[in-house]
Amino acid sequence: HRHLLGIKGLSPLDIETLLDRADAAVAISRQKEKKTATLRGRTQINLFYEASTRTQSSFELAGKRLGADVMNMSVASSSTKKGETLLDTAITLNAMRPDILVIRHSAAGAAALLAQKVSCSVVNAGDGAHEHPTQALLDALTIRRAKGRIGGLTVAICGDILHSRVARSNIVLLNALGASVRVVAPSTLLPSGIDQMGVEVFTRMEEGLKGADIVMMLRLQRERMAGSLVPSVREYFRLYGLDAEKLKIARDDVLVMHPGPMNRGVEIASEIADGPQSLIQEQVEMGVAVRMAVMEALLDPRRNAEGETIGGEP
Ligand code: CP
């Protein structure tokens with residue numbers, strides 16, 4: 001079975017092929033009749049241990065548009081509450097013979113662990129602060145459609161880099177496709193070793209936004225911070241929140257992204273989130289298409305070598 005565990009390990013050709021496939025899925029999703037028979041008879045289980053609006057619903061719609069039977073495991077009312085472990089839950093669901101297991105979990109490496117224990121394809125829908133590969137793919141598709149290319153663009157990823165699996169997956173993908181990647185954050189929200197990841201590091205928005213083609217804002221993940229380290233919202237917005245004045249520092253044709261969920265007035269002003277330069281709703285639409293492309297690729301009968309991983313550690 002083939003798995004998508006991360007962007008790390010995908011070649012530029014793998015990525016471009018998935019994006020091409022996703023472009024075709026956008027066209028299908030814009031038709032009145034959205035259902036295809038590609039995954040007819042296949043079973044997809046979504047197993048989300050962390051909250052999600054965009055990722056879970058788009059994986060569900062993607063599966064349904066491909067004709068699969070989709071089951072959303074309700075973790076909150078499952079035997080997890082009685083102490084059943086992640087592995088026992090996964091092995092139990094695996095016995096029901098799904099073809100795809102989509103997993104989101106707070107522990108880095110959770111998806112890779114499951115991939116070793118189950119006999120179906122595993123897709124990582126976010127594992128701790130490690131990777132969120134389908135988010136990076138949908139971001140890339142959004143950029144490629146808006147700008148016509150990814151190579152040669154300057155992308156500034158701003159905010160809570162420390163806790164962000166979205167940042168990590170995007171840094172790997174954008175570098176693979178030849179973009180110049182910057183991170184802009186207070187030093188307390190930068191992970192150690194960030195300078196080894198092929199990015200230019202800035203601690204001031206005034207510098208990091210200069211000449212940027214794309215500004216990608218990240219949510220301040222206050223729930224993952226210890227009490228004393230949570231920055232004051234007013235101070236954070238003043239220094240790192242994206243408003244019209246800061247956005248002027250970037251290129252005139254800059255476009256703005258945010259993976260969601262947004263904290264309006266914390267990392268981004270409403271006038272920018274809802275403004276003409278915002279790609280946020282396009283990102284959501286591309287989310288369904290990219291997940292259709294990934295699941296199609298994983299179950300493609302022409303390429304299903306046993307144990308093969310199309311991205312991430314095997
Ligand atoms: N971007 C993203 O992963 O959103 P959700 O947490 O709502 O799925």
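Residues numbered from 1 in each chain as written. Predicted model: local features only at pLDDT ≥ 70, side-chain atom pairs only at ≥ 80, totals over all residues. Heavy atoms only, no water.

Chemist: Just give me the short version of the layout of surface pockets, but keep the residues and values in it.
Modeler: Roughly 440 Å³ of internal volume is contained in the largest pocket. Lining of the largest pocket is provided by 22 residues; of these, Arg-104, Arg-165, Arg-219, Gly-260 and Pro-261 occupy positions nearest its centre. For the lining of the largest pocket, the elements supplying multiple residues, two or more each, are helix 2 (54-65) and helix 6 (165-176). Split by residue class, the lining of the largest pocket holds five nonpolar, ten polar and seven charged. (1 Å grid on protein atoms, 1.4 Å probe; cavity = no way out; pocket = protein on both sides within 12 Å on 5 of 7 lines; lining within 4 Å. Points joined across faces, edges and corners; volume = space filled by probe spheres on them. Helix = DSSP H or I, 4+ residues; strand = E, 2+ residues; numbered from the N terminus. Nonpolar A, V, L, I, M, F, W, Y, C, P; charged D, E, K, R; others polar.)

Chemist: So what's going on with the pattern of salt bridges? Residues and values would help.
Modeler: Any two side chains of opposite charge can pair if their charged atoms end up close together. Under the criterion given, the structure shown has 19 salt bridges. Between Asp-300 and Arg-21 there is a salt bridge, with the nearest N and O atoms lying 3.0 Å from each other. Placement of the pair is Asp-300 in the loop between helix 11 (280-299) and strand 11 (309-311) and Arg-21 in helix 1 (residues 12-29), with a sequence separation of 279 residues. Accessibility expressed as a relative area gives 6% for Asp-300, which makes it buried. Residue classification places Arg-21 among the partly exposed residues on the basis of a relative accessible area of 25%. Residue Glu-50 is joined to Arg-224 by a salt bridge in which the shortest nitrogen-to-oxygen separation is 3.2 Å. Taken together, the residues Glu-50 in the loop between strand 2 (43-48) and helix 2 and Arg-224 in the loop between strand 9 (214-217) and helix 8 (233-240) connect sequence positions 174 residues apart. Since its relative accessible area comes to 31%, Arg-224 is described here as partly exposed. The network of salt bridges with shared partners includes Glu-16, Asp-20, Asp-23, Arg-144 and Arg-145. (Salt bridge = Lys/Arg side-chain N within 4 Å of Asp/Glu carboxyl O. Buried < 20%, exposed > 50% of the residue type's maximum accessible area, 1.4 Å probe, protein only.)

Chemist: Describe the packing of aromatic side chains, listing the residues and the values that go with them.
Modeler: Here the structure, examined in full by the defined rule, presents one aromatic pair. Just above the ring of Phe-237 sits the side chain of Lys-246; from NZ or CZ to the centre is 5.8 Å. (Phe/Tyr/Trp six-rings, centres within 6.5 Å; stacked < 30°, edge-to-face > 60°. Lys NZ or Arg CZ within 6 Å of the ring centre and 35° of its normal.)

Chemist: Describe in detail the site of the ligand, supporting the description with residues and values.
Modeler: Near the ligand you find Ala-51, Ser-52, Thr-53, Arg-54, Thr-55, Arg-104, His-132, Gln-135, Pro-259 and Gly-260, and these make up its full shell. Here an oxygen atom of the ligand and a side-chain polar atom of Ser-52 are 2.6 Å apart. A distance of 2.9 Å separates a nitrogen atom of the ligand from a polar atom in the backbone of Pro-259. Applying the majority rule of atoms within 2 Å of the grid points places the ligand in the largest pocket. Residues belonging to the shell around the ligand are distributed by class as follows: two nonpolar, six polar and two charged. (Near = heavy atom within 4 Å. Polar contact = N/O pair within 3.5 Å; in protein donor to acceptor, adjacent residues only side chain to side chain. Sits in = over half its atoms within 2 Å of the grid points.)

Chemist: Run through the side chain of Glu-267, naming residues and quoting values.
Modeler: Tracing the backbone shows Glu-267 in the loop between strand 10 (255-257) and helix 10 (270-273). Despite its burial, Glu-267 pairs with no opposite charge; the closest candidate is Arg-219, at 6.4 Å N-O. Apart from the residues lying within four places of it in its own chain, the contact partners of Glu-267 are Met-217, Leu-218, Arg-219, Leu-220, Tyr-236, Tyr-240, Gly-241, Leu-242, His-258, Pro-261 and Met-262. (Lys, Arg positive; Asp, Glu negative; His and termini not counted. Contact = heavy atoms within 4.5 Å.)

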